[in-house]
Amino acid sequence: MAVVRNSATQQSRVVERLSRTASKAALTLAPLIFGLVSSVAHAAMNFCAAPALQNGEREDATSSVHAMIVEAQAHMNDDPHPLVRLHTEGTLPHEGIYDASVDAEKELDLMRDTALAWRATGDPRFLKMVDRFLLAWVKTYEPSLNPIDETRLDSLILAYDLTASALTASTRNATVSFLQDLGEGYIADVDSRKRPLDQNYANNWQSHRVKLIAMTAFALDDRKMIDAARRLFVVQLQNNIGGDGQVRDFGERDALHYVVYDLEPLTMAALAARRHRIDWLTQRAQNGASLQAALNWLAPYALGKQSHEEFVKSQVPFDAKRREAGVPGFSGEWDPKSATTLFYLASRLDKRYLPIAQKLAAKPPAWLGVCLPTPS
């Protein structure tokens, strides 16, 4: 990603000016910043719509908004660098296009954060930046239907959801077409598979498919796609989570890393459904499995009441390859802090998960703190 080349003095002036802007916004635009209900954009899903906050929480959100404003301003004149494909699955750092994909994914997050900055301030420069990056990506990227490679497209979906009705017609139409192809492609791929679904159509891969389908469906307000998302979510509960809450991936990988990696996308899908008043947290499959039960199964580990040595009995050779390469998290005892985002997401579904999240980290990731502020 290109970096704006300003002198140190110019950079200092930019930051100083934006600091004053953010401080003023915190005083004069509080309902807009903290409710994220903009009069200029009402996308179908409104994933990031949020309730009113207490004063202390407003201060936290303002800090995050300020950081996003500064970051967006720093990249205002960047050219987007979309890739035709992203690919990190099954590869190590520095192999193939792994590094290029990781760099490109930062643009997806930048789009999401800039969209949040726009919703918080109404600054048209941020909207234009999102519009420009979105159009470049949806005109260039060709979905591979590999959900591990494409899971970070959730940031692109959120960027669209935050700005949809205010985008230029060309960008909006191109993004809608892209998302329809993405969602329908994943649904068709899953529905073409032999039943019962198995292997990576029942493990963490499928959780990421369900997330992308659900977020796309609700962002487009596509009833047929929403029905498919609901159906596949319940099927994944049945195939991936036991009645006691233990996920399939824990048995296969012997790692809490993959429990988190399984549950984060399912929780994001449940949050997308919640914006349409649909409860997927307590939704049960025929075997009694639910997302809530899986989160409760993980909770004692997140709280430090239980510990686990990671990947000792993994059945997947690539786990040993990553361990030998020294990739962090693929050996030794599981670090509960790696579940921070998961439990902050879960706390937006049920605030009883909030104490667990706050034990792991005092604050949520900045984007989440602005998108869905901490419940009171």
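Residues numbered from 1 in each chain as written. Predicted model: local features only at pLDDT ≥ 70, side-chain atom pairs only at ≥ 80, totals over all residues. Heavy atoms only, no water.

**Things to note about the overall build of the protein chain**
For the protein chain, the count of helices and strands is 17 helices and 0 strands. Relative to its 376 residues, the protein chain shows a buried fraction of 55%. In the protein chain, the share of contacts with a sequence separation of at least 24, taken over all contacts with a separation of at least 6, comes to 75%. Carbon and sulfur atoms make up 50% of the accessible area of the protein chain, which totals about 16300 Å². (Helix = DSSP H or I, 4+ residues; strand = E, 2+ residues; numbered from the N terminus. Buried < 20%, exposed > 50% of the residue type's maximum accessible area, 1.4 Å probe, protein only. Contact = heavy atoms within 4.5 Å. Areas by Shrake-Rupley, 256 points an atom, 1.4 Å probe, with all protein chains shown as cover.)

**Focus on the pattern of salt bridges**
Summed over all chains, the structure comprises 17 salt bridges. Each of Glu105, Asp109, Arg112, Asp113 and Arg152 takes part in salt bridges that share partners, so that together they form one network. (Salt bridge = Lys/Arg side-chain N within 4 Å of Asp/Glu carboxyl O.)

**Considerations on the nonpolar core**
Nonpolar side chains in soluble globular proteins tend to be buried together. Core analysis: the largest hydrophobic core is formed by 106 residues, its most contacted members being Phe47, Leu156, Trp280, Leu298 and Phe343. If one sorts the elements of this core by residue count, helix H12 (residues 256-274) sits on top with 11 residues. Leaving out residues up to four positions away in the same chain, Leu298 has contacts with Leu256, Val259, Val260, Trp334, Leu342 and Phe343. If you look at the next biggest cluster of nonpolar residues, it comprises 7 residues, including Leu92, Ala255, Tyr258 and Phe318. (Core = buried A, V, L, I, M, F, W, Y, C linked by side-chain atoms within 4.5 Å.)

**Brief notes about the packing of aromatic side chains**
Per the counting criterion, the structure on display carries 10 aromatic pairs. Between Phe250 and Trp297, the aromatic rings sit 5.0 Å apart at their centres with planes inclined by 65°, giving edge-to-face as the arrangement. Taken together, the residues Phe250 in helix H11 (residues 248-253) and Trp297 in helix H13 (residues 291-302) connect sequence positions 47 residues apart. A relative accessible area of 16% places Trp297 in the buried class. Taking 5.3 Å as the distance between ring centres and 40° as the angle between the ring planes, the aromatic pair formed by Trp297 and Tyr301 counts as tilted. Pair noted here: Trp297 and Tyr301 are both in helix H13, with a separation of 4 residues, about one helical turn. Accessibility classification places Trp297 together with Tyr301 in one group, the buried group. Taking the ring centre of Tyr201 as reference, the NZ or CZ of Arg209 above it sits at 3.7 Å. Above the face of the Tyr258 ring, Arg253 is positioned so that its terminal group lies 3.9 Å from the ring centre. (Phe/Tyr/Trp six-rings, centres within 6.5 Å; stacked < 30°, edge-to-face > 60°. Lys NZ or Arg CZ within 6 Å of the ring centre and 35° of its normal.)

**Considerations on the state of the cysteines**
For the coordinates displayed, the defined rule picks out 1 disulfide. Here Cys48 engages in a disulfide with Cys371; their sulfurs sit 2.2 Å apart. Looking along the S-S bond of the Cys48-Cys371 disulfide, the torsion reads about -90°, which is the left-handed sense. Of this pair, Cys48 sits in the loop between helix H2 (30-35) and helix H3 (55-74) while Cys371 sits in helix H17 (residues 366-371), and the two are 323 residues apart along the sequence. Residue classification places Cys48 among the buried positions, given a relative accessible area of 2%. (Disulfide = S-S within 2.5 Å.)

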